[in-house]
Amino acid sequence: MTIREIEAKSILRKHKKIDSWFVSQYGMNFYGGCAHNCVYCDGRSEKYQVGGEFGKDVTVKVNAVDVLRRELDPKRKRTPLKRSYIGVGGGVGDSYQPIEKKYQLTRKALKLMYEYKFPVHMLTKSTLIERDIDILKKISEQNRAVVSFSFSSVDDEISAIFEPGVPPPSERLKTLALFKSEGIPCGMFLLPVIPFITDKPELMEESVKKATEVGLDFVIFGGMTLKDGRQKDYFFNVLKEHYPDIITEYQKIYTGDKWGQASGEYYDSINLTFNRIAKKYKMPKRIPYALFKDILSENDLVIVILEHIDYLLKLEGKRSPYGYAAYSISQLKEPLSAMKGELRKLKGVGRTTEGIILEILETGNSSYYEKLLKS
Ligand code: SF4
């Protein structure tokens, strides 16, 4: 493995609009590339321009803490940062990959987040996060911290093939149980399920069952993308070695979409399966309302609720206008409460959506959303 130290110009990455999966306006990474080397990782794709050999070469943003302090410090900003969780992890490098033991950039960044009172949402596959339970507990008590782990399944043997550099799912679940026992909300990103391997209903059910046993607050589900080029080539080499019989199945669903998407029919079918299982276990499929209701601006609260409604309807196989309406709202500069009489002028906002928005502005929630969550 080779380590390259670099100086970063910025650390906080502002999303174009609030990300309703993480309920975050900002994300950050301290490392480029990831020694965890998951076979399906899309960080390997040319699109992200991670230099060197993915899985072996890692860049370290050695000045990350100084840059982040400048970015978080309200005295140095003309416009204050937007309130939301700050997402730590995901993207092209796990914040708790082995190199973090030496550089401790994630730990130092968490201390800053505590100092400047920002809620955080962690996403990792590494049990090294246990080292930071002290600071995460303090953040959770002061504002809020959510700890999420990603899984492609809870099967240790399959994980050893596709996630060779991380602790097995059974260990990750133990770490989640530890955080839960300290009163920190936790979730599972069942993402990506691997087509024809971990997307089998019985394996998906086992994951949701285990999440329920550990007392997780939510399970966020998603299928796999596979972009042509380095990502697909690497994945297919491993597939040929361990599952040669299903390569033709892959070729049928991954037909060269530029985002690496599988066919719509495939995603619809796994979504329906997941929806059925999540309902059976009464498992929330998005971060629950109670964990974000009091940390967002009114526009962001409306956007997140509309996008959650949109997602819940899609899982039922229904089309919805709410995602489009959420996007229109994300383009606004003024607060929605200042334009109550003009909501219908927004693209995608019809009478029903207008009613939902007005209810959220008045009560902080939507009865339709609550009903969907319970159905
Ligand atoms: S832990 Fe995440 S970032 Fe690292 S290789 Fe695996 S999927 Fe990619």
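Here is what the cut-offs are and how they apply
- Residues numbered from 1 in each chain as written.
- Predicted model: local features only at pLDDT ≥ 70, side-chain atom pairs only at ≥ 80, totals over all residues.
- Heavy atoms only, no water.
- Phe/Tyr/Trp six-rings, centres within 6.5 Å; stacked < 30°, edge-to-face > 60°.
- Helix = DSSP H or I, 4+ residues; strand = E, 2+ residues; numbered from the N terminus.
- Lys NZ or Arg CZ within 6 Å of the ring centre and 35° of its normal.
- Near = heavy atom within 4 Å.
- Nonpolar A, V, L, I, M, F, W, Y, C, P; charged D, E, K, R; others polar.
- Salt bridge = Lys/Arg side-chain N within 4 Å of Asp/Glu carboxyl O.
- Buried < 20%, exposed > 50% of the residue type's maximum accessible area, 1.4 Å probe, protein only.
- Core = buried A, V, L, I, M, F, W, Y, C linked by side-chain atoms within 4.5 Å.
- Contact = heavy atoms within 4.5 Å.

(A) Broad picture of the packing of aromatic side chains. Counted according to the given criterion, the structure contains 13 aromatic pairs. Measuring from ring centre to ring centre gives 6.0 Å for Phe162 and Tyr243, while their planes differ by 25°; the resulting arrangement is stacked. Taken together, the positions of Phe162 in helix α5 (residues 156-162) and Tyr243 in the loop between α8 (230-242) and α9 (247-253) put the pair 81 residues apart, joining distant regions of the chain. Above the plane of the ring of Trp21 lies Arg286, whose end atom (NZ or CZ) is 4.6 Å from the centre. For the cation-ring pair, Arg286 lies above Tyr311, with the distance from its terminal atom to the ring centre recorded as 3.6 Å.

(B) Just the site of the ligand, in detail. In the neighbourhood of the ligand, the contacting residues comprise Cys34, His36, Asn37, Cys38, Cys41, Gly91, Gly93, Asp94 and Lys125. Classifying every residue of the shell around the ligand by side-chain character gives 3 nonpolar, 4 polar and 2 charged.

(C) Here's a closer look at the pattern of salt bridges. All chains considered together, the criterion is met by 23 salt bridges. A salt bridge links Arg107 to Asp132; its shortest N-O distance comes to 2.8 Å. In this pair, Arg107 is assigned in helix α3 (residues 105-115) and Asp132 in the loop between β7 (120-124) and α4 (133-142), connecting sequence segments 25 residues apart. You can call Asp132 buried: its relative accessible area is 0%. Note that Lys314 and Asp310 form a salt bridge whose closest N and O atoms lie 2.9 Å from each other. Note that Lys314 and Asp310 are positioned in helix α11 (residues 298-315) at a spacing of 4 residues, about one turn of the helix. Among the residues examined, Asp310 registers a relative accessible area of 9% and is labelled buried. By sharing partners, the salt bridges in this structure join Glu100, Arg107, Arg131, Asp132 and Asp134 into a single network.

(D) The arrangement of the nonpolar core in detail. The biggest cluster of nonpolar side chains holds 88 residues, and the ones touching the most others in it are Leu72, Leu136, Val147, Phe162, Phe235 and Tyr250. With 6 residues, helix α10 (residues 264-280) is the largest single contributor of residues to this core. Beyond its immediate stretch of four places on either side in the chain, Leu72 contacts Leu12, Leu81, Ile86, Leu112, Met113, Tyr116 and Phe118. Formed by 40 residues, the second largest nonpolar core is a distinct cluster that contains Leu296, Tyr322, Ala326 and Met339.

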